[in-house]
Amino acid sequence: MNLIDIQNATVYRGDTCVFDNLTLSIGQSGNTAVIGPNGAGKTTLLKVLNRELYPVRRPDSHVRILGRERWDVWEFRKSLGLVSHDLHTHYLGYVRGIEVVLSGYYASVGVYDYQSFGDSQIERARKLVDWLGVGDIAERLFSTMSTGQQRRFLLGRALIHQPRYLVLDEPTGGLDLKATFQYLDVIRRLMQEGRTILLVTHHIHEIPPEIDRVILMSGGHIVGDGPKHDMLSDDRLSHLFDVPIHVVSANGYYQTLPG
Ligand SMILES: Nc1ncnc2c1ncn2[C@@H]1O[C@H](COP(=O)(O)OP(=O)(O)O)[C@@H](O)[C@H]1O
Ligand SMILES: [Mg+2]
């Protein structure tokens, strides 16, 4: 059974047809990155996976996660964690870091006071923020933290259910170098512990060594799909981003330069 099975999905956002008969399968093991320029349909794909958007109903079309088309929201959250920027901007109000993580229990963006949670839940949230390296600032207001710190609490929110599968939308966008490297290190540890990650991005440098499959997306179509080293070539990336690109690689990471 695959983690993700998208068959002939046609997806509209407003009047824009973003996907016309998109077909894509992703297995339960191995880590994948979907890359493509702005407007390629990456965020739309995540919204389809997160069941915020549905394809046009047709007999030959389906979106299955772990073999199922229908999910209860709580069960779904326990299987698949999602960290996106949309979520990030919802959180800028009067909440403490630890509460952001705890709110994951309710799969909500609301705020709850500590009384709503059991000791074991609070204990688990504390362990998690320690593991994420932000235990010492867990009582601080989320709105007073740096973007890198906020990003880690949001990851904690997705991890509170210990999902085996994690979907990340441009995880290090807007982070400085130190915060980027720290966040990538956390993502790598998650993969090394056996979690399966789907990463969606246009930043080639945030594709960690543990990613083995790369899917190239442009204009709502999959224009390349294969082993990372084959996909991240000068030729393919120059076509994908419509500009001459030279790719360099070191220590399992890739970086792009003007071609
Ligand atoms: N709310 C919306 N209404 C209409 N069109 C949209 C909306 N959101 C995105 N689009 C369009 O859908 C396409 C894919 O967008 P998106 O999935 O956000 O791309 P990406 O994340 O790869 O940059 C773009 O052409 C964009 O203009
Ligand atoms: Mg996007």
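Residues numbered from 1 in each chain as written. Chains lettered and ligands numbered in written order. Predicted model: local features only at pLDDT ≥ 70, side-chain atom pairs only at ≥ 80, totals over all residues.

K.L.:
Requested: an account of the pairing of strand E8 (residues 211-218), with residues and values cited.
P.N.:
Strand residues, when the strand is regular, have side chains that alternate between the two faces of the sheet. Of the strand pairs in this sheet, strand E3 (residues 31-35) and E8 are connected by 5 bridges, and their pairing is parallel. Across the sheet, Val34 pairs through a bridge with Ile215, a residue of E8. When E8 meets strand E9 (residues 221-227), the two strands line up antiparallel, connected through 6 bridges. Pairing of Ser218 across the sheet is with His221, part of E9. (Pairing = 2+ DSSP bridges. Helix = DSSP H or I, 4+ residues; strand = E, 2+ residues; numbered from the N terminus.)

K.L.:
How would you summarise the sheet that holds strand E1 (residues 4-13) if you had to cite specific residues and measurements?
P.N.:
Spatially, 3 strands are ordered E2-E1-E4 in an open sheet, and the strand pairing comes out antiparallel. Of all the strands in the sheet, just strand E2 (16-26) and strand E4 (62-65) have a single pairing partner and so form its edges. Pairs of neighbouring strands in the sheet enclose a mean axial angle of 30°, with direction left out of account. With 7 bridges joining them, E1 and E2 adopt antiparallel strand pairing. Directly across from Ile4, in E2, lies its bridge partner Ile26. (Axes fitted to C-alpha atoms, helices over the stretch in contact; angles between N-to-C directions.)

K.L.:
Would you mind going over the site of ligand 1 in detail, with residue names and values included?
P.N.:
By nearness alone, every residue bordering ligand 1 is listed as Arg13, Gly14, Thr16, Val18, Gly36, Asn38, Gly39, Ala40, Gly41, Lys42, Thr43 and Thr44. Counting residues per element, the shell around ligand 1 draws most heavily on helix H1 (residues 42-49), which supplies 3 residues. Among the residues making up the shell around ligand 1, the classes are represented as 2 nonpolar, 8 polar and 2 charged. (Near = placed C-beta within 6 Å. Nonpolar A, V, L, I, M, F, W, Y, C, P; charged D, E, K, R; others polar.)

K.L.:
Talk me through the sheet that holds E8; I want residue IDs and the actual numbers.
P.N.:
Pairing is mixed in the open sheet, where 6 strands are placed in the order E5-E6-E7-E3-E8-E9. A single partner strand is all that each edge strand has here, and the edge strands are strand E5 (80-83) and E9. Pairs of neighbouring strands in the sheet enclose a mean axial angle of 15°, with direction left out of account. Strands in contact with helix H6 (residues 147-159) are E5 and strand E6 (165-169); relative to E5, the strand with the most contacts, it is inclined by about 160°. (Contact = placed C-beta atoms within 7 Å.)

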